[in-house]
Amino acid sequence: MSPLTTTVQNTGTGPLLRIAGELDYSTAPELRELVTGLPLEPGQRLVLDLAHLGFCDSSGITAFIVARNHALAHDADITLLAAPGPVLRVLRVTGLDQVFSLAPGQDTRTERAADG
Amino acid sequence: MDIVSRNNVTVTGPHDAPVLLLAHGFGCDQNMWRLVAPALAGDHRVVRFDYVGSGKSDLAAWSESRYSTLDGYARDVVEICEALDLRDVRFVGHSVSAMIGVLAAAAAPDRFHSLIMVGPSPHYIDTPGYRGGFSAEDIDELLESLESNYLGWSATMAPVIMGNPDRPELGEELTNSFCATDPAIARVFARTTFLSDSRDHLTTVKLPTLVLECSQDVIAPREVGAYVHAAIPDSRLVTLDATGHCPQLSAPEATVAAITDFLGSRS
Amino acid sequence: MTCRTGPGPDLPEGRRTAHTDAAFTALLEDSAEELYESAPCGYLSTLMDGTVAKINTTLLNWLGLTRDDVVGRLRFTDLLTVGGRIYHDTHFAPLLRMQGGVNGIALDIRQADGGRLPVLISSVTKTDHDGRPLLIRTTVFDASDRRAYEQELLRERQVAEEARRRAEEDRQRLQEALAVLQSSLLPAQLPQVPGMEAASHYHTASPDRLGGDFYDLFPLDDRRWAFFLGDVCGKGPQAAAVTSLTRYTLRAAALHNPDPVAALTTLNTVLHERYATGDPRYCTAVFGVLEPEGDTVTVELASGGHPPALVLRQDGHTEYLPTPGGLLVGIMPSAPFTSARTVLGAGDTLLLYTDGLTEARTGEKRELFGDEALLDFATALTDTAPRQVVTAMTGLLNSFGDGLDDDTALLALGVPMTDPTPASDT
């Protein structure tokens, strides 16, 4: 059972959800529940800060898709911020890098070329 | 599997003396022999053991299928003889063990010298023309009383009863531990014993046999002793003036004397 | 409990005790004799052969017998039921002989009116100076309530046992059903493809859960064959339903139009339509067509969000067959799928796998195994025949131990080195 930590911050443009730890089959449901409970107004942007996400498998991907569906259902946008190398790789392989808007992190640490 | 530890085999007496194999019956374990073993070990190699499921035997080796027939117990006896390479065994069987001995001797005839039956009965339930002493309802009632009396046995204590070296602080002096066993196992032993019918096997006994009975034994009444004596061709019947079913505990000197006398006349 | 009948508490201690004793004695009508006879429990003393030598009134009342009926005439065992008598002779009496005392044995005593009283019996042996037993002293307690309670507990335990046994049976049946279901999601055996060899392997991370990986190999016509391999998101019955739908949709789509991109597009439409709302269900998949041409086989494939296939050449060279840009199948109403092409010659093998392989966690730091490590491993293999490749990969999977927590499927398709001996196994 790997721990997942999430913190929500409300910015002017919409909720910023920081995700740290590991996203896998056991922790993804937690994220899904959290994300679908976030209030969103039309035109807002849901940002998922992935800078400290250590591991992400297909259940994590599903959770991102759920987040995206939630945003779309509320006429809001979604951005994945500072995805670490391994997560970027998965997004690339699955073609989701064309579906999600990705933004690099401010910290140069997040731009590591892990195994890409 | 190591038979000696599986059956908690203990051996006393001079190494090269004739072998006396003491087999307990339903109820307790090899401790039943504690008042007669020292005297017998003077000039015999006395081998005592617990059947799997009784005493300090390895309960993990117990299976209902094997120990639901007397043949399963007879196999314990034969396996012990093989493990220790026992020859010319003078087999002493108490209660149902007398019949177990008959089966063991039939399975491994070369290993046995003679049979000593203490309180034997080949069949406990009355049938037309045969008095065993009990009705089927009586046996059911026995099985019920087994359920109510665990005699201090408990699943958590069992490893200690088996002498688990990891818990020395609990020591060996557990009350009632001599007759305590898993009630489920006791139930199977009881059913196997009291529902068995070994009458047909008696006539096949070729070994010299001593039938040792008590004058007042509810479980092996006089009629049964007479029946067994009559059925076994080369047998001697000795009746001890004693009450109850366990003369090796209630009249140990007389028991030793009867056994020694028989063995002396048959060596 | 002190009974203040005399002078008050201002008396000195010694005077007060003496006074209490006197008052107590004055109250007492009984002698030791009466204490014995009217005790709230039964008392009994017997000779070593069980003959009753002394018995108190309480016990006689419980039995419904007179003293004359019992003393010197009956044995202790005569007061018991038959089953109790057997128990006494096989357990109680031996214990008494070996220990000198027995405590709290549950038995029934027979009453003169035919009734039975459940009791608890304790006995102790009186011995002489030399330790020889002389007589047995027994106490009998009425255990009616306790016995009723015990019966209740016993009955409840039996009920619990039965429930547990039935639950175990149910669990077994479920396991069997799952196994049957799981095996229906994959081909029982790979078919024999003329001029090719095929091998596959499916590794389940947990036997209790239906896995989401799938693969298949089937003929399109008398020349061409189709294959696919993929991974449905999630596990369990819902994922299995998607797997089933995926498998049969791809098969049907391929027979209609074997173009790999078209097949995946059809699958995408089907999955998206079905699972548009609510719980997103999608899969990753590779779909391909094999076309034998003389000594070689042309492979045309398309991928939807799936890790790239690996090509192992007979000369030891290995490379990925990249298909960048293909999207997961089923999450968007229309999705791009990327195609790729390669030609397999004698001794070449195409390996398809699911991400359980590359995402296994290895080493002390539990790092992802990764694409590069897989490439290196494949390059090091000396025998590139499909069966050997699958065996080597299976060995690799097993070496991950519990670092491998996802299901993994493998499918290897190759052209044999020597004369084609169609052989395939799972």
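Basis of the calculations
- Residues numbered from 1 in each chain as written.
- Chains lettered and ligands numbered in written order.
- Predicted model: local features only at pLDDT ≥ 70, side-chain atom pairs only at ≥ 80, totals over all residues.
- UniProt positions renumbered as here; feature names shortened; annotations may be inferred.
- Helix = DSSP H or I, 4+ residues; strand = E, 2+ residues; numbered from the N terminus.
- Buried ≥ 20, exposed ≤ 12 C-beta atoms within 10 Å, placed from the backbone.
- Contact = placed C-beta atoms within 7 Å.
- Pairing = 2+ DSSP bridges.
- Axes fitted to C-alpha atoms, helices over the stretch in contact; angles between N-to-C directions.
- Nonpolar A, V, L, I, M, F, W, Y, C, P; charged D, E, K, R; others polar.
- pLDDT = per-residue confidence, 0-100.
- Left-handed = near helix turned anticlockwise from the far one by under 90°.
- Expected span 1.5 Å × (residues − 1).
- Arc of directions from axis to C-beta.

- The name recorded for chain B in an unreviewed UniProt entry is Alpha/beta hydrolase, from [Kitasatospora] papulosa.
- Recorded in UniProt under Sequence similarities (unreviewed entry), the annotation for chain B is "Belongs to the AB hydrolase superfamily."

- Looking at an unreviewed UniProt entry, one finds chain A named Anti-sigma factor antagonist and attributed to [Kitasatospora] papulosa.
- If you open the UniProt record of chain A and go to Sequence similarities (unreviewed entry), you find "Belongs to the anti-sigma-factor antagonist family."

### Observations regarding the overall build of chain A
Then, in step 1: Summing up its helical and strand segments, chain A has three helices and five strands in all.
Then, in step 2: Residues counted as buried form 41% of the 116 residues belonging to chain A.
Then, in step 3: If you take every contact in chain A between residues at least 6 apart in sequence, the share linking residues at least 24 apart comes to 72%.

### Structural notes on the overall build of chain B
Then, in step 1: When you go through chain B residue by residue, the secondary structure sums to eleven helices and seven strands.
Then, in step 2: Going through the 267 residues of chain B one by one, you find that 49% of them count as buried.
Then, in step 3: Long-range pairs, those at least 24 residues apart, make up 75% of the contacts in chain B between residues at least 6 apart in sequence.

### A few points about unusual backbone geometry
With the exception of glycine, most residues fall at negative phi, and the peptide bonds are largely trans.
Then, in step 1: Even without being glycine, Ala82(A) reaches a positive phi, approximately 55°.
Then, in step 2: The exposure class assigned to Ala82(A) is buried, which follows from the 23 C-beta atoms found within 10 Å.
Then, in step 3: The phi torsion at Asn8(B) lies on the positive side, around 50°, for a residue other than glycine.
Then, in step 4: Mapped onto the fold, Asn8(B) is located in the loop between helix 1 (3-6) and strand 1 (10-12).

### What to know about the sheet that holds strand 5 (residues 112-118) of chain B
All names here are of chain B.
Then, in step 1: Within the open sheet, the seven strands sit side by side as 1-3-2-4-5-6-7. Their pairing is mixed. If you trace the sheet from one side to the other, it starts and ends with strand 1 and strand 7 (235-243), each paired once. Neighbour-to-neighbour, the strand axes of this sheet turn through a mean angle of 20°, independent of strand direction.
Then, in step 2: With three bridges joining them, strand 1 and strand 3 (residues 45-49) adopt antiparallel strand pairing. Bridging across to strand 3, Val11 finds its partner in Val47.
Then, in step 3: Helix 9 (residues 222-231) contacts strand 5, strand 6 (209-216) and strand 7 of the sheet and is inclined by roughly 165° relative to strand 6.
Then, in step 4: Against the sheet, helix 11 (residues 252-265) engages strand 4 (89-94), strand 5, strand 6 and strand 7, with an angle of about 170° to strand 7.

### Examining the interface of chain A and chain C
Then, in step 1: In this complex, chain A contributes 14 residues to the contact, which on the side of chain C involves 18 residues.
Then, in step 2: Of all elements in the fold, only helix 2 (58-73) and helix 3 (85-93) of chain A reach the threshold of two or more residues within the side of chain A that touches chain C.
Then, in step 3: Counting residues per element, the side of chain A that touches chain C draws most heavily on helix 2 of chain A, at five residues.

### Some details on the interface of chain B and chain C
Then, in step 1: Each partner contributes residues to the interface: chain B has 28 residues there, and chain C has 24 residues.
Then, in step 2: For the side of chain B that touches chain C, the elements supplying multiple residues, two or more each, are helix 5 (136-148) and helix 10 (247-250) of chain B.
Then, in step 3: In terms of residue class, the side of chain B that touches chain C is built from twelve nonpolar, eleven polar and five charged.

### Here we look at the confidence of the model for chain B
All names here are of chain B.
Then, in step 1: Scored by pLDDT, chain B has a mean of 88; 88% of the residues are at 70 or more.
Then, in step 2: Confidence drops under a pLDDT of 50 for residues 152-174, and excluding neighbours within four residues, the segment shows 21 contacts in the predicted structure.
Then, in step 3: Under the prediction, the complex receives an ipTM of 0.85, its pTM being 0.60.

### Looking at the sheet that holds strand 2 (residues 52-55) of chain C
All names here are of chain C.
Then, in step 1: Strand order in the open sheet formed by five strands is 2-1-5-4-3, with antiparallel pairing between adjacent strands. Strands with a single pairing partner mark the edges of an open sheet, and in this sheet they are strand 2 and strand 3 (101-110). Ignoring which end each strand starts from, the neighbouring axes of this sheet average 25° apart.
Then, in step 2: Summarising the sheet, strand 1 (residues 42-47) and strand 5 (residues 133-142) pair through six bridges and their orientation is antiparallel. Directly across from Tyr43, in strand 5, lies its bridge partner Thr139.

### As for the packing of helix 3 (residues 70-83) of chain B against helix 4 (residues 96-107) of chain B
Residues and elements named next belong to chain B.
Then, in step 1: Between helix 3 and helix 4, the shortest axis-to-axis distance is 8 Å and the interhelical angle comes to 65°. Crossing geometry of helix 3 relative to helix 4 is assigned as right-handed. Contact with helix 3, carried on its side by Leu70, Asp71, Tyr73, Ala74, Val77 and Val78, involves Met99, Ile100, Gly101, Leu103, Ala104 and Ala107 of helix 4 and no other residues of that element.
Then, in step 2: Residues that form the contact of helix 3 with helix 4 fall into these classes: ten nonpolar, one polar and one charged.

### What about the pairing of strand 14 (residues 349-353) of chain C?
Residue and element names in this part refer to chain C.
Then, in step 1: Burial analysis of strand 14 places five of its five residues in the buried class, the great majority of the element.
Then, in step 2: Strand direction decides the pairing type here: strand 11 (residues 309-312) and strand 14, joined by three bridges, are antiparallel. Its bridge partner being in strand 14, Val311 is matched across the sheet by Leu350.

### Considerations on helix 3 of chain B
Residues and elements named next belong to chain B.
Then, in step 1: If you check helix 3, its first and last C-alpha atoms are 20 Å apart, about what 14 residues at 1.5 Å a residue would give, namely 20 Å.
Then, in step 2: Of the positions making up helix 3, those classed as buried are Leu70, Gly72, Tyr73, Ala74, Asp76, Val77, Ile80 and Cys81.
Then, in step 3: Tucked into the core, helix 3 has its buried residues touching helix 1, strand 2 (19-23), strand 3, strand 4, helix 4 and helix 7 (183-194).
Then, in step 4: A positive backbone phi angle near 50° is found at Asp85, which sits one or two residues after helix 3.

### Structural notes on the confidence of the model for chain A
Residues and elements named next belong to chain A.
Then, in step 1: Confidence along chain A averages 86 in pLDDT terms, with 90% of residues attaining 70 or more.
Then, in step 2: At the low end of the mean pLDDT range in chain A sits helix 3, at 89; at the high end sits strand 4 (residues 77-81), at 95.
Then, in step 3: With pLDDT under 50 throughout, residues 108-116 is counted as low confidence; its partners more than four residues away or in other chains account for 21 contacts.

### Points about helix 9 of chain B
For an α-helix, the turn length of 3.6 residues means that residues three or four places apart are oriented alike.
Residues and elements named next belong to chain B.
Then, in step 1: Taken together, the buried positions of helix 9 are occupied by Val224, Gly225, Tyr227 and Val228. Down the axis of helix 9, the buried set is contained in an arc of 160°. They therefore lie on one face.
Then, in step 2: Next to the buried residues of helix 9 lie strand 5, helix 8 (199-202), strand 6 and strand 7.

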